[in-house]
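Chain residues, written in single-letter form:
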Amino acid sequence: MPLSAMHDITGPARAAGRGIGAFNVIGIEHAEAIVAAAERAGAPVVLQISENCAAYHGALEPIARACLAVARSATVPVVVHLDHATNPDLVYEAARLGVGSVMYDASQLPYEKNVRMTAEVTRWCQQRNVWVEAELGEIGGKNGVHSPSARTDPEEAASYVAATGIDALAVAVGSSHAMLSRDAVLDIELIARIRQAVGVPLVLHGSSGVPDRDLAAAVRAGMTKINIATQLNKVFTTAIRQSLADDGTMVDPRRYGAAGREAVASEVIRLLGAIGGDISEPLSSVERTAGAAGYRGPTPGGRRRQGPGRLAGHRSP
Ligand SMILES: [Zn+2]
């Protein structure tokens, strides 16, 4: 059950005006940390594998199967999603592997071709119950060539959604990919206008560059899926760098890997608080979302190594 369908978590979240955290995985440590954090927060979560991540591993299958396994053992709803696939073949492979949600990114194509290709991929996916996100307006930052000044036009967004049949739309509203600073300025008013014009969940890419208060404002204005990648890599690498600096004789990757994993988990909990409401409050909103997805709460004495146990520290060989 905890391996969930995207529709089951984004549908209730959109209706309630809440955000869903979608975090990019690099290695299995990221997946473990993200899911452990979601379990601690009692929130549903999305594990995302980008086309670039699959290329890093040499293939989609090993990292996809790892994420699916981590998702299946979770005590909260977890969706595994293919992020920024520019090649339809990768979308088809993801679906065959059991990944139930994909982003097909044809945003670099001229509008008409973007519509035609996206509609074709969407038809194929929806016949197999695979949820499709697509992009209009080319969000900046990938390959370093596009500026954060790109903007999605609300009317064009509505026609694009109607013409392609997609399940969710990634929009350009001021954020940019791979930002190391958190000072992007979002066009909150534009988000509200697109939310009015479009009947499917909206996706914010490049959210690592957006300060927490603006992420919360973006969700209030109508954003549902909040994609975060670079921010986790920042804390992961910083923790590992510190761990190695603290002990110049350390050679066991499990020791510094555990430090990186714990840092990612802490950051995910903080970000889930920013986009999903204050998690120090009673978890009613999250529980409603999770409940609508069929989640009935952790099983007492359930599976091994849930929650904090998932991140249990280093053990000697
Ligand atoms: Zn993106």
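Below, the structure is looked at part by part.

Calculation criteria
Residues numbered from 1 in each chain as written. Predicted model: local features only at pLDDT ≥ 70, side-chain atom pairs only at ≥ 80, totals over all residues. Helix = DSSP H or I, 4+ residues; strand = E, 2+ residues; numbered from the N terminus. Buried ≥ 20, exposed ≤ 12 C-beta atoms within 10 Å, placed from the backbone. Contact = placed C-beta atoms within 7 Å. Axes fitted to C-alpha atoms, helices over the stretch in contact; angles between N-to-C directions. Parallel < 35°, antiparallel > 145°, perpendicular 65-115°, else oblique. Left-handed = near helix turned anticlockwise from the far one by under 90°. Nonpolar A, V, L, I, M, F, W, Y, C, P; charged D, E, K, R; others polar. Pairing = 2+ DSSP bridges. Expected span 1.5 Å × (residues − 1). Arc of directions from axis to C-beta. Core = buried A, V, L, I, M, F, W, Y, C linked by C-beta atoms within 7 Å. Right-handed = clockwise from strand over helix to strand, strands pointing away.

1. Topic: the overall build of the chain
Next, step 1: A count of helical and extended segments in the chain gives 12 helices and 8 strands.
Next, step 2: Relative to its 317 residues, the chain shows a buried fraction of 50%.
Next, step 3: Sequence separation of at least 24 residues holds for 72% of the intrachain contacts in the chain that already meet a minimum separation of 6.

2. What about unusual backbone geometry?
Next, step 1: Positive phi, normally seen in glycine, also occurs at H84, with a value near 50 degrees.
Next, step 2: Tracing the backbone shows H84 in strand 3 (residues 78-85).
Next, step 3: Residue classification places H84 among the buried residues on the basis of 26 C-beta atoms within 10 Å.
Next, step 4: The phi angle at N129 is positive, at roughly 60 degrees, despite the residue not being glycine.
Next, step 5: For N129, the location among the structural elements is in the loop between helix 6 (111-126) and strand 5 (131-136).
Next, step 6: N129 gets classed as exposed once you count the C-beta atoms within 10 Å, which come to 10.

3. Quick look at the packing of helix 2 (residues 28-41) against helix 11 (residues 253-276)
Next, step 1: It is the contact of helix 2 with helix 11, at a shortest axis distance of 8 Å, that shows an interaxial angle of 40 degrees. Our classification of the angle between helix 2 and helix 11 gives oblique. For the element pair helix 2 and helix 11, the recorded crossing hand is right-handed. Counted together, E29, H30, E32, A33, I34, A36, A37, A38, R40 and A41 of helix 2 and G257, G260, R261, V264, A265, V268, I269 and L272 of helix 11 form the full contact between these two elements.
Next, step 2: Residues that form the contact of helix 2 with helix 11 fall into these classes: 11 nonpolar, 3 polar and 4 charged.

4. A word on the sheet that holds strand 6 (residues 168-171)
Next, step 1: With parallel pairing, 8 strands are arranged side by side around a closed barrel as 1-2-3-4-5-6-7-8. Going from strand to strand, the sheet's axes swing by 25 degrees on average, the running direction of each strand aside.
Next, step 2: Note that strand 5 and strand 6 share 4 bridges and pair parallel. Bridge pairing in strand 6 links A134 to L169.
Next, step 3: Along the sheet, helix 7 (residues 154-164) makes contact with strand 5 and strand 6, crossing strand 5 at roughly 145 degrees.
Next, step 4: Strands in contact with helix 11 are strand 1 (20-24) and strand 8 (223-228); relative to strand 1, the strand with the most contacts, it is inclined by about 145 degrees.

5. Quick look at helix 6
Residues lying three or four places apart along an α-helix face the same way, a consequence of the helix completing one turn every 3.6 residues.
Next, step 1: Over its 16 residues, helix 6 runs 22 Å from end to end, which matches the ideal 22 Å to within 8%, given 1.5 Å per residue.
Next, step 2: For helix 6, the set of buried residues is N114, T118, V121, T122 and C125. Relative to the axis of helix 6, the buried residues are bounded by an arc of 105 degrees and lie together on one face. Facing away from the buried surface of helix 6 by more than 90 degrees, the exposed residues are E112, K113 and R123.
Next, step 3: At its buried positions, helix 6 is contacted by helix 5 (88-97), strand 4 (101-104), strand 5 and helix 7.

6. As for helix 9 (residues 212-221)
Next, step 1: For helix 9, the set of buried residues is D214, L215, A216, A218, V219 and A221.
Next, step 2: Those residues of helix 9 that are buried lie in contact with helix 8 (188-197), strand 7 (202-204), strand 8 and helix 11.
Next, step 3: Looking at the residues trailing helix 9, positive phi occurs at G222, about 135 degrees.

7. A few points about the nonpolar core
Next, step 1: With 93 residues, the main nonpolar core has I34, C67, V102 and L169 as its most contacted residues.
Next, step 2: With 11 residues, the top contributor of residues to this core is helix 11.
Next, step 3: Not counting residues within four places of it along the chain, the set of residues in contact with V102 comprises H81, L82, A85, V91, A94, C125, V130 and V132.

8. Topic: the environment of I275
Next, step 1: Within the secondary structure, I275 sits in helix 11.
Next, step 2: Separated by 57 residues in sequence, I275 and A218 place their C-alpha atoms 8.6 Å apart.

9. Brief notes about the pairing of strand 5
Next, step 1: With 6 of 6 residues buried, strand 5 is to be regarded as a mostly interior element.
Next, step 2: Along strand 5, one buried face is formed by W131, E133 and E135 and the opposite face, lined by V132, A134 and L136, is buried too.
Next, step 3: Where strand 4 and strand 5 come together, 4 bridges link them in parallel fashion. Counterpart to Y104 in the pairing with strand 5 is A134.
Next, step 4: Chirality of the crossover, the property in question, places the unit of strand 4, helix 6 and strand 5 among those that are right-handed.

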